[in-house]
Amino acid sequence: MNNNSFLFSAKGIYIAAFLSLNTIIYAQKTADISTISEKTLSSILEKNRTYSTQGKVADYIPELGKMDARAVAFSVVEKNGRVLNVGDVHKKFTMQSISKIIALMIAVNEKGEANVFDKMGYFGTDKPFNHFSNLETTGKPLNPMINAGAILTTSLISGEGEKPFLKILEMVRYITKDQTIDYSKSVYESEKSTGHRNRGMFYLMKNNGLISGNEDQLDNYFKQCSIELTAEDLAKIGYFFANACVRFDGDAKYKNEEVAKLVESQMLIAGMYEFSGEYARTVGLPSKSGVGGGITVSVPGRMGIGVFSPALDQHGNSSAGYHMILDLVKQYGLSLF
């Protein structure tokens, strides 16, 4: 063996040992998560309830402005599938941007990662979720988590008419194991009637040759954002991606470690809009928020977290939700870093 080969081999062994050690350390650091209880969650919820009075319910979509700003819910799904719920856990709200991670999974499963990301970037952003970003320069969305990228992602899902939306809806029903989940017709109509900015993005991408269909594709995006669920459902979605696309009850029909890693990586770098960088520093977990007040969180290989509180901070993220997640992460050492 020559010197170069020896060095490469030694480097490979070192890296493998380093990664294995990190995995062991992370497992040890989070070994006490089995002690999480509804009492724990309730204590964290009550401590942070006041943040719901400091944010503002999204009203640029008129129907969303009708949400009760005081509602707060907190859910966890553990590795064994055990569900813990506290607060307004039966309160339903719309997914909004959280639906983007489901659409991304479906598009990649159908078209392949290379074909999807040939049309958009993997980049993070310092711009709000509804910013046009570089559509007028490079012609491509920065990532699939901002509105432009998500509209494009949904348009890539195969099927005519509302078939792409129905695939997203069925996937949400599958992951949550709840066939009663549906979308809010009133929120959909409200989004459609006020969604001129999204319509502008749609036509810019159509002009750039990224989209070839008609506004049915944009309607599918409005519908997916209008899917209604609970904080428990978000915890189950977080669990799904945290565990290689295996459902909370162990159903491995869609098991795919690479797709899960892709979705989680996008959640980590862009899932909290322009706050994603700071969020990665403080929370350090793949998460996706929606202006409906929900946040889904994946603790890789371990559990899912779902929170709901419709009062949003200046970035469009749930204010009380963020602080509840932060306290849980600090208390149990859940950050990846």
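What counts and what doesn't
- Residues numbered from 1 in each chain as written.
- Predicted model: local features only at pLDDT ≥ 70, side-chain atom pairs only at ≥ 80, totals over all residues.
- Heavy atoms only, no water.
- Core = buried A, V, L, I, M, F, W, Y, C linked by side-chain atoms within 4.5 Å.
- Buried < 20%, exposed > 50% of the residue type's maximum accessible area, 1.4 Å probe, protein only.
- Helix = DSSP H or I, 4+ residues; strand = E, 2+ residues; numbered from the N terminus.
- Contact = heavy atoms within 4.5 Å.
- Pairing = 2+ DSSP bridges.
- Axes fitted to C-alpha atoms, helices over the stretch in contact; angles between N-to-C directions.

Asks: Any details on the nonpolar core? Residues and values, ideally.
Replies: Of all hydrophobic cores here, the largest spans 60 residues; its most connected members are Ile101, Ile102, Met205, Ile227, Ile237 and Phe241. Looking at this core, the element that brings in the most residues is helix H3 (residues 99-111), giving eight residues. For isoleucine 227, the contacting residues outside a window of four places in its chain are Phe93, Thr94, Met95, Phe165, Ile168, Leu169, Val172, Ile181, Asp182 and Tyr183. Grouped together as the second largest cluster of nonpolar side chains are 29 residues, Leu84, Val86, Ile295 and Val329 included.

Asks: Which residues make up the sheet that holds strand E6 (residues 287-289), and what are the values?
Replies: Reading across the sheet, the five strands line up as E3-E2-E8-E7-E6 and stay open at both edges, with antiparallel pairing between neighbours. In this open sheet, the two strands that pair with only one neighbour each are strand E3 (83-87) and E6. Mean inter-strand twist for the sheet, computed between neighbouring axes without regard to direction, equals 10 degrees. For strand E7 (residues 294-299) and strand E8 (residues 303-308), the ladder comprises six bridges, and the chain directions are antiparallel. Within E8, the residue paired with threonine 296 across the bridge is glycine 306. Across the face of the sheet, helix H13 (residues 319-332) comes into contact with strand E2 (73-77), E7 and E8 while running at roughly 150 degrees to E8.

Asks: Give me the pairing of E7: which residues, what numbers.
Replies: Counting buried residues in E7 gives six out of six residues, a clear majority hidden from the surface. Of the two faces of E7, both are covered, the one formed by Gly294, Thr296 and Ser298 as well as the one formed by Ile295, Val297 and Val299. Pairing analysis gives three bridges linking E6 to E7, with the strands arranged antiparallel. Counted as the bridge partner of lysine 288 is threonine 296 from E7. Where E6 folds back onto E7 in an antiparallel hairpin, the turn is made up of four residues, including glycine 293, whose phi is positive at roughly 105 degrees. Linking two consecutive strands that pair antiparallel, namely E7 and E8, is a turn of three residues; a positive phi of about 75 degrees is found at glycine 301 within it.

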